[in-house]
Amino acid sequence: MNDTTLQNFQTQQDSSTASEGAVRGPYSEAPTPDKGQPVTRNESVEENLSVRVRDLSLWYGEHQALDDISIDIFANTVTALIGPSGCGKSTFLRCLNRMNDLISSVSIKGLVEMDGRDVNARGMDEVALRRRVGMVFQKPNPFPKSIYENVAYAPRMHDMVSRKADQDELVERALRDAGLWNEVKDKLYEPGTSLSGGQQQRLCIARAIAVRPDVILMDEPTSALDPISTATIEDLMDKLKQDFTIVTVTHNMQQAARVADYTAFFHLGEMIEYNATKQMFANPHTKKAEDYITGRYG
Amino acid sequence: MSQSFEEISAQLKKRHRRSARMKWMTMGALILSAAFLVVFISDMVVRGWPAFQQAQIQVEVSYDEQSQKLPLAAVDEDVRPLISRGFFRPLPRKMESNPALMGTTQTQWVIADSRVDQYLKGNEDRLRPADKETLQALVEEGRAELKFNTTFFTTGDSKMPELAGIASAAIGTVMTMLVTMAVCFPIGVMTAVYLEEFAPDNKLTQIIEININNLAAVPSILFGLLGLAIYISFFGVPRSSPLVGGLTLALMTLPVIIISTRAALRSVPDSIRHAAFGVGCSRWQVVRDHVLPVSLPGILTGSIIGLAQAMGETAPLIIVGMVAFIPDASISITNASTVMPAQIFTWASEPNSAFAEKTAGGILVLLAVLIFLNALAVWLRNKFERRW
Amino acid sequence: MTTNTVFLLFCAVLLVLGGIAFTLSRAKAARVRATGTTMHAQPDQYAWFAVLVTAGPALLVSALGAFVLLLMGADIPTFYLLAASLVIALIGLVMGLNQVRSDFHARRAIEGVIRKLLAAAAMISILTTLGILLSIISEALRFFQMHSFWDFVTGTTWNPGASFLSAAGRGDEGGSAAQFGSIPLFAGTFMITLIAMLVAIPFGLGAAIYMVEFAPLRIRKAAKPVIEVLAGIPTVVYGVFAALTVAPLVVDIAGLFGLDASYSNALAPGLVMGIMIIPFISSLSDDVINSVPNSLREGALALGITKAEMVRNVVVPAAAPGIISASLLAVSRALGETMIVVMAAGMRPNLTANPLEDMTTVTVSIVAALTGDQEFESAQTLSAFALGLVLFIVTLTLNVVSVFMIRRFREKYRVNNL
């Protein structure tokens, strides 16, 4: 991936962002792009906008957890959200598929746009949204069902398969995509919970990709795993981005550096910096990001 | 390749409908359960309310020699059948103990016969036509009316519905509960303290724990069989007495108290124990001075709930003979006695509609006491509950 | 002197001795301490130890004596027994005083005793179970000596005696011999239990699912106490409701359909028992469903599954062991429930599948056998214990299975509050 300058990417930028006006906030030390755009952009073959977030704020009751977040997430990339714990990166991630709806005290302001639609709009069906935005959680949470059933369940509910043969094929494909097929093909009907932690997490990934979403959110997917499983999942993320857009939260900066195309740095509910990963780690534009990356706090 | 939101939403319509249906159905289950409570309470109130009223008649009672010999002569012949026989019976003794009454004529309200009572409440009409006319006249003069029924709260059981009350059953309940709590509170708390704070983790402890859980689910009637076979036949505890009833209920309540006390002890954080050990307390001192005082509200709450449960229990008491006909209350724990739920049971098996009314009235009183106890427990829990 | 005065006197003397033990040993300990010797315990602790050795053995001896008196019918006069106890108390007093030495761990000794006391209290629950078992088994064995066990288990006629028959209005058959075939009783019990479960499980489970998965916090907070009130209503009250309100209603409604229902039909007690058990099932299921980890719910929702699908396919299966265990406990409760059936169900053993007919249950028969003016030794009275034994075994089995299932659930999700 090539780093290019700011000017290069502004030409291919989404026209609607141009009207958003001047940027406030944390870009004071950097040349200011339109907000939400990374300071430096990778030039992949062609990067389409997948999710557009503008001025997103979120409150848990009285406590404000997110403050005016704006970010563009590009299709078929891996975007990593980093920052010290409690900075709102998981909360932000859960805004993208409206998992925060489950908490009754949450109130949200701002725009999360996907496919030209505001996902928080009244007419938006959150179930439909979640079908297009899948999620993998911090701790592997396979259903207490067989491995096969874990994967086949959601596609069947969504009427994606009609025949048993289709279903078998879909399960196999999802498990292959998740790099789990060879390990489980002989024990498909054993409970999903009987697998090791790393395998369980890959089963959860298989479960998520089986419904063919556009975006997969990963909330610290490797934090509960051993280093070998972590490496496997990191490789997997790199492969999966051909078909999916991946947004991952990570505690681990090396992981962000290894797998992400873009990295956003969160701090105390604000997004301090958003940049191409290489740029971010080589030459952060903000002092806070630099301090965090160099390990002065965390 | 992926579908648009519109396409997905269209597919989802049916599934959303199904989802809503489940929500409404489960909500219906909850609402119906609550509705039952309403139906049930209102049914009892409608049936039981009349029990708190009693027909009384204002008559002239002449205290003279004739009525000393033949109490019925104390009132006019035509009102005589309207008045409870329970009024006449004690007249001679009353005159004996109070000679000043002799030779006087007094106008007083006296308790009417239950047929009058039922007639005035519009329940059943078993009066003779002549009596009915007399009664109508009295009602018009304002000399016969329904008044608050104090008798219901001051007397024991009676074969005459107008004189039947719950006082002796209430006293029996109090005596029985005293025995129950005196036995099961200390034993229950001691067991819980032992299991939570002292017991080694060995087979015996596990057996005790499993056993307590099982005991909590043993049908209550089996405790009655135990009481009959062991207390009454073996130890010779008097049948029908609050002693045997209380001891039987104590065994039944024991698991409730043990389980709730253990929960209360467990909610005390270990940091408190560690702190106390840290200043050199022995295990017993830690428990006595630190753990027990902190968990006392929880223990009391559990005990009150156990008490309320024991208070409503009937089946084992029937087996140990506590469904007796007890006209006069006794505060001895070895005399034959009855308790409120047993009294309700006795009245419920009387065919007379006047007793049906008493049954529901007794239920209202019992429910009031139980709701008070439960509310007390909830209040205690909320007032002293600590979050660690 | 009557036994009561002797007893009071004994208590008074024991109290005085205890007081003496306390003051003397305390004073002695204080003296020793004043000389500058370091002691293992506080003066108060020595004092309490002295009280303990004075009163403890004396009480133990008198209690044991009384027990032997009762059990063996041995003829030791109360007076001698108590006097002997007092002598033991005196010996204890001297020993206690003797133990006030700097090298004696009075506190440790006291705590040892306390610990043993607590353990003894814990043994009472075991004794209770043993008591139930022994009393029921021994009487049941006596019953089975009179009547064959095989007839009891397989017989279809329950006809315990003439008095029972006349009570049921069939006095003309009174001449026949007593028969103890328990099948009709168990059939009635299972019929009523079945009706109760058909009411309680859907309603209880539905209410629990609504409260955990769908209800706003407000409703949940309001509904829980209502359900708890329902659980606190005494069974005799439900019995009255079943007999006076529901049974006539069932008869009327059956009449509308041209069916003939008995006033002591099985449906009324079954329905009311079901209502009684709703709160039981709902609060247990509520706990179980609540402890299904939220991560499973999120995992399902994140796949674009609707809430009802999540509940049906993920939450309920995950909670199934707990729900089944709650239902088993509920069945055990329904089997042993007495007052509702005594008041609303019939007295006539009746082997039928029609819930509109009257039928009787095990618990009704137990009550009927033990409330008449029967001799304790009669077969009818003893039959109650035989029935009780079966009831005990069945409910115990249900409980054990239920505990086993809930333990599996707990291990699966590492939940500790169940």
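Residues numbered from 1 in each chain as written. Chains lettered and ligands numbered in written order. Predicted model: local features only at pLDDT ≥ 70, side-chain atom pairs only at ≥ 80, totals over all residues. Heavy atoms only, no water.

Attention now goes to the pattern of salt bridges. What the rule picks out here adds up to 33 salt bridges over all chains. Across the salt bridge formed by Arg132(A) and Asp115(A), the nearest N and O atoms sit 2.8 Å from each other. Taken together, the residues span a long stretch of sequence, with Arg132(A) in helix H4 (residues 126-132) and Asp115(A) in the loop between strand E4 (106-114) and strand E5 (117-118) at a distance of 17 residues. Among the salt bridges present, the one from Arg117(A) reaches Glu6(B), with a minimum N-O distance of 2.1 Å. Of this pair, Arg117(A) sits in strand E5 while Glu6(B) is found in helix H1 (residues 5-48), placing the two residues in two different chains. In this structure, a network of salt bridges that share partners links the residues Glu196(B), Glu209(B), Arg262(B) and Arg266(B). (Salt bridge = Lys/Arg side-chain N within 4 Å of Asp/Glu carboxyl O. Helix = DSSP H or I, 4+ residues; strand = E, 2+ residues; numbered from the N terminus.)

A separate point is the UniProt feature "transmembrane region" (unreviewed entry) in chain B. Residue and element names in this part refer to chain B. Summarizing the sequence annotation, UniProt attributes the feature "transmembrane region" (unreviewed entry) to residues 169-195, 215-237, 243-265, 317-340 and 360-380 in the numbering used throughout. Taken end to end, residues 243-265 has its terminal C-alpha atoms 30 Å apart, with 100% of it in helix and 0% in strand. Annotation note: span residues 317-340, helix share 17%, strand share 0%, distance between end C-alpha atoms 11 Å. (UniProt positions renumbered as here; feature names shortened; annotations may be inferred.)

If you check UniProt for "domain: ABC transmembrane type-1" (unreviewed entry), the listed places come out as residues 170-376 of chain B in our numbering. Secondary structure content for residues 170-376 of chain B is 77% helix and 0% strand, and the end C-alpha separation is 19 Å.

Turning our eyes to something else, we now look at the domain arrangement of chain B. Accessible area lost during the coming together of the parts is what is often quoted as the interface size. Residues and elements named next belong to chain B. You can read the domains of chain B as domain 1 (50-148) and domain 2 (167-384). Distance between the C-alpha centres of domain 1 and domain 2: 44 Å. Opposite the 10 residues of domain 1 that make contact, domain 2 presents eight residues. Between domain 1 and domain 2, a total of about 610 Å² is buried, with carbon and sulfur atoms accounting for 48% of that surface. The largest per-residue losses of area from domain 1 upon contact with domain 2 belong to Ala 51, Phe 52 and Gln 118, which jointly make up 61% of the total buried on that side. Summed over the shared surface of domain 1 and domain 2, the result is one salt bridge. Counting across the interface, domain 1 meets domain 2 through two residue pairs in polar contact (both at pLDDT 80 or more). Within the side of domain 1 that touches domain 2, the residues separate by chemical class into three nonpolar, three polar and four charged. (Domains from an automatic or database assignment. Contact = heavy atoms within 4.5 Å. Buried area = accessible area lost by both parts, 1.4 Å probe. Polar contact = N/O pair within 3.5 Å; in protein donor to acceptor, adjacent residues only side chain to side chain. Nonpolar A, V, L, I, M, F, W, Y, C, P; charged D, E, K, R; others polar.)

Residues and elements named next belong to chain A. Read from one edge of the open sheet, six strands run E6-E7-E8-E3-E9-E10, paired in mixed fashion. At either margin of the open sheet sits one strand with a lone partner, and together these are strand E6 (133-136) and strand E10 (270-276). The average angle at which neighbouring strand axes cross in this sheet is 20°, direction not considered. Pairing between strand E7 (residues 215-219) and strand E8 (residues 245-249): five bridges, direction parallel. Bridge pairing links Val 215 to Thr 245 in E8. Here helix H8 (residues 197-210) sits on the sheet and contacts E6 and E7; the angle it forms with E6, its principal contact strand, is near 175°. (Pairing = 2+ DSSP bridges. Axes fitted to C-alpha atoms, helices over the stretch in contact; angles between N-to-C directions.)

Residues and elements named next belong to chain C. The end-to-end C-alpha distance of helix H12 (residues 307-336) is 38 Å, clearly below the 44 Å that 30 residues give at a rise of 1.5 Å each. In H12, a bend of some 60° at Ala 320 exceeds every other bend along the element, and Pro 321, a proline, comes one to four places later. Of all 30 residues in H12, 21 are buried, a share of seventy percent or more. (Expected span 1.5 Å × (residues − 1). Bend = angle between axes of the 7 residues up to and from the residue. Buried < 20%, exposed > 50% of the residue type's maximum accessible area, 1.4 Å probe, protein only.)

Let us now look at the interface of chain B and chain A. Taken together, the contacts link 12 residues of chain B with 14 residues of chain A. When chain B packs against chain A, the two sides together hide about 1200 Å² of surface, and 55% of this comes from carbon and sulfur. Summed over the shared surface of chain B and chain A, the result is one salt bridge. Between the two partners, chain B and chain A, sit five residue pairs in polar contact (both at pLDDT 80 or more). Partitioning the side of chain B that touches chain A into residue classes produces four nonpolar, six polar and two charged.

To continue, consider the nonpolar core. Of all hydrophobic cores here, the largest spans 166 residues; its most connected members are Tyr238(C), Met273(C), Ile277(C) and Ile366(C). Looking at which element gives the most residues to this core, the answer is helix H4 (residues 106-146) of chain C, with 13 residues. The contacts of Ile277(C), once residues within four sequence positions are left out, are Met197(C), Ala200(C), Ala330(C) and Ala334(C). If you look at the next biggest cluster of nonpolar residues, it comprises 75 residues, including Val106(A), Met124(A), Ala215(C) and Val314(C). (Core = buried A, V, L, I, M, F, W, Y, C linked by side-chain atoms within 4.5 Å.)

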